[in-house]
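Observations on chain architecture
Now for the letters of each chain:
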Amino acid sequence: MSTAAATSARTGQVLADLLPASRVRDAALVLGGAALTGLAAQLSVPVPGSPVPVTGQTFAALLVGTSLGAGRGFLALALYAVAGLAGVPWFAGASSGVAPSFGYILGMILAATVVGALARRGADRSVWRMAGAMLVGEAIIYAVGVPYLALATGMSATAAIAAGLTPFLIGDALKAALAMGALPTAWKFANKR
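Residues numbered from 1 in each chain as written. Predicted model: local features only at pLDDT ≥ 70, side-chain atom pairs only at ≥ 80, totals over all residues. Heavy atoms only, no water.

This brings us to the layout of surface pockets. Put simply, the largest pocket is a space of about 360 Å³. As for the largest pocket, its lining consists of 25 residues, and the residues nearest its centre are Val52, Pro53, Thr55, Gln57 and Ser101. Looking at the lining of the largest pocket, the elements that each hand over two or more residues are strand S2 (54-55), helix H3 (57-68), helix H5 (102-120), helix H6 (127-153) and helix H8 (169-192). With four residues, the single largest contributor to the lining of the largest pocket is H5. For the lining of the largest pocket, the per-class residue count stands at 15 nonpolar, eight polar and two charged. (1 Å grid on protein atoms, 1.4 Å probe; cavity = no way out; pocket = protein on both sides within 12 Å on 5 of 7 lines; lining within 4 Å. Points joined across faces, edges and corners; volume = space filled by probe spheres on them. Helix = DSSP H or I, 4+ residues; strand = E, 2+ residues; numbered from the N terminus. Nonpolar A, V, L, I, M, F, W, Y, C, P; charged D, E, K, R; others polar.)

In structure tokens:
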């Protein structure tokens, strides 16, 4: 099968769809996506003047959504959020429960769903389309997280942007660059199989 034929045969698929289909597979992928996000959240660096740390959590959430697709991505991030609310200490810094940064987790659920849907339309197959999907995902996370931060802390919109958006832009650009290389490369290897 040629590369063009392999790519067209996989239109509408995400990377997880390349594994043999079963309910066990889907359950394992959802649990694994939640666990990956929880592990990535432990890569946490405090930001002076902000209740929101820099973590690997957003990168994991977008990677999970893109790799698993909208439905499984939503379920994985929803499981991550619900388990963290129930006391599993896998939010940033081994925390759990509701915190001023919880809005970012809510945003990650929506972002994973959207980037998963974009991946089904081929956004994960090329560097530039992947960049666009990551930008959309990051924008969704901030669109939910920053207003939640303002409401939870009583910050003004300007203060919430300064504490919950501005310090993270460079790191998010680096995370997007990693994803831009990782997913299209994974598809190239899959197409060679």
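This part is about H5. Over its 19 residues, H5 extends 28 Å from the first C-alpha to the last, a length consistent with the 27 Å expected when each residue adds 1.5 Å. When H5 is considered as a whole, its buried residues turn out to be Phe102, Gly103, Tyr104, Ile105, Gly107, Met108, Ile109, Ala111, Ala112, Val115, Gly116 and Ala119. Looking at the buried residues of H5, the elements they touch are H3, helix H4 (70-85), H6 and helix H7 (157-164). (Expected span 1.5 Å × (residues − 1). Buried < 20%, exposed > 50% of the residue type's maximum accessible area, 1.4 Å probe, protein only. Contact = heavy atoms within 4.5 Å.)

Here we come to the environment of Arg129. Looking at the secondary structure, you find Arg129 in helix H6. Its relative accessible area of 44% is what places Arg129 among the partly exposed residues. Put simply, Arg129 and Ala119 are ten residues apart on the chain and 9.2 Å apart in space, counted from C-alpha to C-alpha. Ignoring any residue separated from it by four or fewer positions in sequence, one finds Arg129 in contact with Arg121, Gly122 and Ala123. Separated by 3.0 Å, the side chain of Arg129 and the backbone oxygen of Arg121 make a polar contact. (Polar contact = N/O pair within 3.5 Å; in protein donor to acceptor, adjacent residues only side chain to side chain.)

In this structure the tally under the stated criterion is six salt bridges. The partner of Asp17 in a salt bridge is Arg120, with the nearest N and O atoms 2.5 Å apart. One end of the pair, Asp17, is in the loop between helix H1 (3-9) and helix H2 (23-41); the other, Arg120, is in helix H5, with 103 residues separating them in the sequence. Its salt-bridge partner being Asp26, residue Arg25 comes within 2.9 Å of it at the nearest N-O pair. (Salt bridge = Lys/Arg side-chain N within 4 Å of Asp/Glu carboxyl O.)

In this section: the confidence of the model for the protein. Overall, the prediction assigns the protein a mean pLDDT of 90, with 94% of residues at 70 or greater. In this model residues 1-9 is a low-confidence stretch, pLDDT under 50, and it forms six contacts with partners more than four residues away in sequence or in other chains. (pLDDT = per-residue confidence, 0-100.)

A few words now on the nonpolar core. Counting residues in hydrophobic clusters, the biggest one holds 44 residues, and the most contacted among them are Leu77, Tyr80 and Tyr104. Among the elements of the structure, H2, H3, H4, H5, H6 and H8 are those that each provide at least two residues to this core. In terms of residue count, H5 provides more of this core than any other element does, nine residues in total. Residues within four places of Leu77 in sequence aside, it is in contact with Thr37, Ala61, Val64, Met108, Ile109 and Ala112. (Core = buried A, V, L, I, M, F, W, Y, C linked by side-chain atoms within 4.5 Å.)

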